Structure formats: structure tokens, C-alpha cells
Amino acid sequence: MERFRWGSNCTRLIVSVLVLFSVLSCGTAAPPEDTGASSPAATISALEGTLTPVATEPSQPADAAQPTITATAVPAATPAPTPTVQAQPARNDIKIVLAAEPPGLDLFQTSGSEHSTIYRENMTDLISWVAKDTKELVPLSGFTGWEQVAPDRWRFFLREGIKFHNGEVFDAAAAVVSVNIQGDPDQATDSFADTGPITGEAVDPLTMEVVCPEVCPIFPRAAKALGFQAPKWYTENPEDVTSRNTMGIGPYRLRQWDPGIAIHLEAHPDYVPNPEVPEAQAPVIQNVTYLFREETTVRAAMVNAGEADLANNIAIADEGNVPVFHRTASGLNPFLGIDTIWNPVLKNVKVRQALAQGFDCQEIVDTVLNGATTCRGNAGFPGINGITEENVKPYEYNPERAKQLLEEAGYAGEEIRIASRAVSYLGQQEVMEAIASYWADIGVNANLQIMESGVHRDVRYCGIGNVDGDVSKEPPGCDHGDIYETSADLSSMDYSRLIYGWLSCTSPTSRVCEPRMEELGQRALVASGPERTQLLTQVADIVHEEVLLLGLFDGVIFIGQHADLDWEPRGFDRKIRVNTMQWKK
């Protein structure tokens, strides 16, 4: 039996073991503690350094057998997992900055202006709508269609399943309440200027008829401002409640109003889309905040800084100051309503003609509006049924002739008050100040009064329609002014809008009431086809020749927009439906 013997071989073994022990336990100093996470590569390097044998001088001849130390193989490190980048959902909110906060949100009682986009275009759906792409008249959410069943009667078919923002059911009985309110001359609603007096009748739960006092061949097109509110809520709440909301059927409803700061809307969860109309789809953007800043430069800067996503009605000079800049027709032609009934000076046609020839419209457009629009001699533009090249031609600026007309009229310096808003359109205050200055140069005692929009609305609606009986008596309890700045939404493309609103003895905004115009206007309203065009043209001719309304220029609007917002203006009006918007990313 082989016995283990002490000798040189044993000595070599002992030395080798000692060397191995020294290497493994004492060879390399431990690195300082690292409280941070080490990378896989650093860990591998440390392990490899620890397992590297330390060379020693052999104590025996080189040919003596040496123990071999083999480093344990280090397993391949598992790469750190690449973080998964979650796709960020598209934004579901938007901030829109307007020039002025509305005095109220009641669709029926708040005058149409820039801020009407909140309640008229987003908080309710109107009875009819001009489609962006086709320019055809289409229904939005509330209706499926309509038909004329008699010369003075139209039948409307309601869409099933529609609810107001508060849950009240939108049926024919509910719709009739809104029609009757807006068709009442005493209510002074914006839509009355389009339709005149009308009444509604419920045929069955999903069928309503609208009855006109006369033949109304284009009623659905004329009624483009007629909207709907929850009848029980509207009739049972006090005015201080109804004036602060529109309880409509539109794609958005009021969430909160912080007066002086912002108005917040949220998507209406029960909105029922019309699948055939792109502008009547359910909202993608769920929350809308409207902010208000009077200065155009501030509105543009807010978009550029990301504080707002869309700025309405900015200046043409801001084109390079916003990510996306739009120039588009507003569909609203500014003009001046003139008191031809109670003011003895303005009843004289020569004074009105002097005013028309007493200011340089083109110079004002060039200097105040940077040449961005076209002067007009009527409250309309080419393409409107009744407007011709002759009756829309701008008035010649002729101050000497204007002075002569004033002299012939016996004008003796009587004060003429001009009521104007400050921010209805780009540069409005500067435009009105320029006109008043030109008139002063020809000897007119013009007193320009810039008003808050609610006060201006009171003046605007203090017209002949508020007078019962003797039209020579001034409207009781309101200031009708002498001249007031205003505008008309002419998206109906028909001069009847101006007859209803500003040339009729029954309209609360009209300062024109004479048998000749009343008879001609009423004939035009009930006519159709070529006869309608001929009669409307006669009305527009008289307006131009006698300056019953003093036209200024085509409405134009400039909009600044966030680069990632997917939206384009309609191109022919200023309407902004937020449910047509979405974020690109």
C-alpha cells in the first residue's frame, strides 16, 4: 500500500497551498463601498480582477511541476433591459384665448359677437348648419332633416335619443319652447333678426313644425342662429341663473365659470353625433378653457409661449409671432346703423350722404388694417343674393362735396353720438376713431362712445321694434343712440338677413321704418327664384343710394394656432367648433 511520505514533494504542495490561500484571501484590497447601482460591465470587470492569479517566484527549478490555478468562468452578463417608452396619449384639453369675456352665456339673450363661439357653436347645436366642405345646408345632432309642407310652414324631424346637458329630453315639445322664445319680438333674440316672428307646433314626439307669419321659402337657411335650451330649466330658473349658462344639446357643456379669469367647458357625455356630418361628431378633445385678453399682441404671445393653443382675432402683424397663422373671411361685414326715425338731423338723406362721402375708407383699411380687406358701400359683399357690383361699390371720399351736402341740409353742428364696441373685430376702436376724426374734419360734431359689449347690446336692441303704435315716439326705457356700429352674419347668403334685422318696422335692432321700404321688403321676403333676387336687389339699391345703412368693409379675421393642433378654419365665416379639433400628437 502506497503511503504518503513527507519530503520535497510535500514541501512543494504546502507552499503552493499557502500561495493559493494568499491570493484568494489577501491579494487585492476591497474597493470602497458603492451605494449606487453598478453597471453589468463594471461588475464583470471587478470579478475578473479578483480571479486573476498573482505571479510568484518559483521556489523550485522551472521544470518542477506547479499547481495550475484556473479562474472560474464568469457567466455572460444579462444586458440591462431597455426601458419601454410608453406612447403618450394625445392631449384631451385645449385653451382658446378671445378678446373679451361675454357678459353672459344665455344663447337667447347674449348678443352675437366673437364670444358667441362659446355658447352658439359649442354649447348648443343650431337648427341648421352650412357645411364646411360642401357649403350645403345640413342638420347637426338634433335633427335628421326638414321639408316645406306649406308656403308658410316647415316640418322638422328630430333625431331620437338627444338629451340636453341637464338630462332633459330633447323632443318636439321641448324644441317648440325654444322656437317660441326666439320667435317672440319682445324677447329681442339674435335669431329674430334672421327669421322674424315665428311659432312652433309639436306634431308628434319627433316631429315639429315652424309657422311663419308670411311665406318663408328659405326658412332653414335663414334660421341659422336658432338654437335650443332645456325648457324646464330655462323657464323655472331666475334670470341670474339662466344668464350664466346655455343648457343646450351641443357637444360641450359648462363645467365652471371663473368670472374675469376663464370659462371651462367639458364634453357632453350624451352627445349624439350625426354620422353624415363631420362637424357633428363626438368630441375628441374633452376639456375646453376660454381665456380673455384684450391686446392682440398678448393673445399671439400666449400661443407662442404655450399658454394658449388658439388665439382668435389677432393682428396681421403677428403673422411671424405664432407657430401657425390663418387669414380667413369672418362672414361678418361691419356697418353703421343710422337712426332715420327719431334723430331729426339723420333723417335728412343729405346728411347721411355727407357722412358716407366724408371719410376715406381705403386709407383707413390701409393704415389701420394693413390693407387686409376690401371697402364696401353696403352691408354685404358680392355673392349675397341682392348684392350687385353697383350697390356694393364703395362711396367716393369727397370732403368738399360732403361739406356742401351738410350745408344744403342746414346742419348746424348738432351732436351725433356714435356707439361702438372696442373689440368686435381687429382694430375696431382705431377704425371708429378714424371715422369720427374724418367727420370732425368736415364739420360734424361726432361724439364717439366706446362701450362694454353688454351696454352696446342694449343700444343695439333699442330700435323701432320696441315701440307700440306711434312710431314717432322713441323706445321707452332705453338709449337708442344716433349711430351704432354693428355687423351681420351673412352666411345665409341672402339680403333678407338685413331686411329682417335692420330695415323692418318690427325689428328691435332696426332704425328704418317707412311704408315704401316695408312694402318692398315684405314682398322680397316671401318671393323665391328670380323674383326674389330682383326685389332684394331693389332693397339693396335703396340702402346704398340713401345710406340707410353705412357699409364699411369685408370682415376678415386672423388666427394663431399651436403647431400640433389639427384644425383649419371654415374659410367663409368665423365659427369655431372644438369638436372638429384633435391633437396630432
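Please refer to the structure higher up on the page.
Computed from a predicted structure; not experimentally measured.

Asks: How would you explain the overall build of the protein chain if you had to name every residue and give the values?
Replies: If you tally the helices and strands in the protein chain, you get 17 helices and 20 strands. Across the 585 residues of the protein chain, 51% fall into the buried class. Counting contacts in the protein chain only where the partners sit at least 6 residues apart, residues at least 24 apart contribute 70% of the total. Within the structure as shown, the protein chain displays about 26500 Å² of accessible surface, and the carbon and sulfur contribution to it stands at 52%.

Asks: Give a description of the side chain of D489 that names residues and reports values.
Replies: By secondary structure assignment, the location of D489 is in strand β16 (residues 483–489). The contacts of D489, once residues within four sequence positions are left out, are K224, G331, L332, R497 and K575.

Asks: How would you sum up empty space enclosed by the protein? Please name residues and give values.
Replies: Summary: where empty space remains is shown by rolling a probe the size of a single water molecule over the atoms. Tallied over the full model, the rule gives seven cavities of 30 Å³ or more. Size it by volume and the second largest cavity reaches roughly 180 Å³. Lining the second largest cavity are 17 residues, with S330, S424, Y425, L426 and V556 sitting closest to its centre. Residue classes in the lining of the second largest cavity are distributed as eight nonpolar, six polar and three charged.

Asks: So what's going on with the state of the cysteines? Residues and values would help.
Replies: For the structure shown, the criterion picks out four disulfides. Between C361 and C375 runs a disulfide, and the two sulfur atoms are separated by 2.1 Å. Residues C361 and C375 are joined by a disulfide whose S-S torsion is about -100°; by sign, that bridge is left-handed. Pair noted here: C361 is in helix α11 (residues 361–368) and C375 is in the loop between α11 and α12 (399–409), with a separation of 14 residues, a long-range link. Exposure class is identical for C361 and C375. Each is buried. Across the disulfide, C505 is cross-linked to C513 (sulfur-sulfur distance 2.0 Å). Taking the torsion about the sulfur-sulfur bond, which here is approximately 105°, the covalent link between C505 and C513 counts as right-handed. For C513, a relative accessible area of 22% gives the class partly exposed. With cysteine numbering restricted to those in disulfides and following the sequence, the protein chain has the pairing 1-2, 3-4, 5-6, 7-8.

Asks: Before we move on, can you summarise the pairing of strand β6 (residues 199–204) with the specific residues and values?
Replies: For β6 and strand β7 (residues 207–211), the ladder comprises five bridges, and the chain directions are antiparallel. The residue of β7 that forms the bridge with G200 is V210. Connecting β6 to the next strand, β7, in antiparallel fashion are two residues.

Asks: Summarise unusual backbone geometry; cite the residues concerned and give the values.
Replies: Among all residues save glycine, negative phi is the norm, and among peptide bonds the norm is trans. One non-glycine residue with positive phi stands out, namely M493, at about 60°. Secondary-structure assignment places M493 in the loop between β16 and α15 (496–502). Its identity as a non-glycine residue notwithstanding, V547 has a phi of 50°, on the positive side. Residue position: V547 is located in the loop between α17 (529–546) and β17 (549–551).

Asks: So what about the packing of α11 against helix α13 (residues 428–441)? Which residues, and what values?
Replies: Where α11 contacts α13, the two axes come as close as 10 Å, and the packing angle between them is 145°. Between α11 and α13 the crossing geometry is right-handed. Residue-level inspection shows E363, I364 and V368 of α11 in contact with α13, the latter providing E430, V431, A434, I435 and Y438. Grouping the amino acids of the contact of α11 with α13 by side-chain chemistry returns six nonpolar, no polar and two charged.

Asks: I'd like a rundown of the sheet that holds β7, residues and numbers included.
Replies: Ordered in space as β4-β5-β7-β6, the four strands form an open sheet in which the pairing is antiparallel. A single partner strand is all that each edge strand has here, and the edge strands are β4 (143–150) and β6. Averaged over all adjacent pairs, the angle separating strand axes in this sheet is 25°, with direction ignored. As paired elements, strand β5 (residues 153–158) and β7 share five bridges and run antiparallel to each other. Bridging across to β7, R153 finds its partner in V211.

Asks: An account of the nonpolar core is needed here, citing residue identities and associated values.
Replies: I118, M208, F219 and Y290 are the most contacted members of the largest nonpolar core, which has 54 residues in total. In terms of residue count, the dominant contributor to this core is helix α4 (residues 172–182) (six residues). If we ignore the near neighbours within four places in the chain, the residues touching F219 are W154, F156, T195, I198, V210, C212 and L226. Formed by 53 residues, the second largest nonpolar core is a distinct cluster that contains L369, Y395, I435 and F558.

Asks: Could you give me a rundown of the sheet that holds strand β9 (residues 262–267), with the residues and numbers involved?
Replies: The seven strands are arranged β8-β9-β10-β1-β11-β18-β12 in an open sheet whose pairing can be described as mixed. Strands at the two margins of the open sheet, each flanked by one partner only, are β8 (252–258) and β12 (324–329).

Asks: Could you give an account of the pattern of salt bridges, naming the residues involved and the relevant values?
Replies: Within the structure shown, the criterion is met by 28 salt bridges. D190 is the salt-bridge partner of R120, the closest N and O atoms lying 3.3 Å from each other. Of the two residues, R120 is situated in the loop between α3 (116–119) and β2 (129–130) and D190 in the loop between α4 and α5 (192–195); the sequence distance between them amounts to 70 residues. Here R120 falls in the buried class, since its relative accessible area comes to 9%. Look at D190 and you get buried, because its relative accessible area is 10%. A salt bridge links D194 to K224; the nearest nitrogen and oxygen atoms lie 3.2 Å apart. Of this pair, D194 sits in helix α5 while K224 sits in the loop between α6 (219–222) and α7 (231–236), placing them 30 residues apart in sequence. One network of salt bridges, with partners in common, ties together E147, R153, R155, E201 and E209.

About the thresholds
Residues numbered from 1 in each chain as written. Predicted model: local features only at pLDDT ≥ 70, side-chain atom pairs only at ≥ 80, totals over all residues. Heavy atoms only, no water. Helix = DSSP H or I, 4+ residues; strand = E, 2+ residues; numbered from the N terminus. Buried < 20%, exposed > 50% of the residue type's maximum accessible area, 1.4 Å probe, protein only. Contact = heavy atoms within 4.5 Å. Areas by Shrake-Rupley, 256 points an atom, 1.4 Å probe, with all protein chains shown as cover. 1 Å grid on protein atoms, 1.4 Å probe; cavity = no way out; pocket = protein on both sides within 12 Å on 5 of 7 lines; lining within 4 Å. Points joined across faces, edges and corners; volume = space filled by probe spheres on them. Nonpolar A, V, L, I, M, F, W, Y, C, P; charged D, E, K, R; others polar. Disulfide = S-S within 2.5 Å. Pairing = 2+ DSSP bridges. Axes fitted to C-alpha atoms, helices over the stretch in contact; angles between N-to-C directions. Left-handed = near helix turned anticlockwise from the far one by under 90°. Core = buried A, V, L, I, M, F, W, Y, C linked by side-chain atoms within 4.5 Å. Salt bridge = Lys/Arg side-chain N within 4 Å of Asp/Glu carboxyl O.

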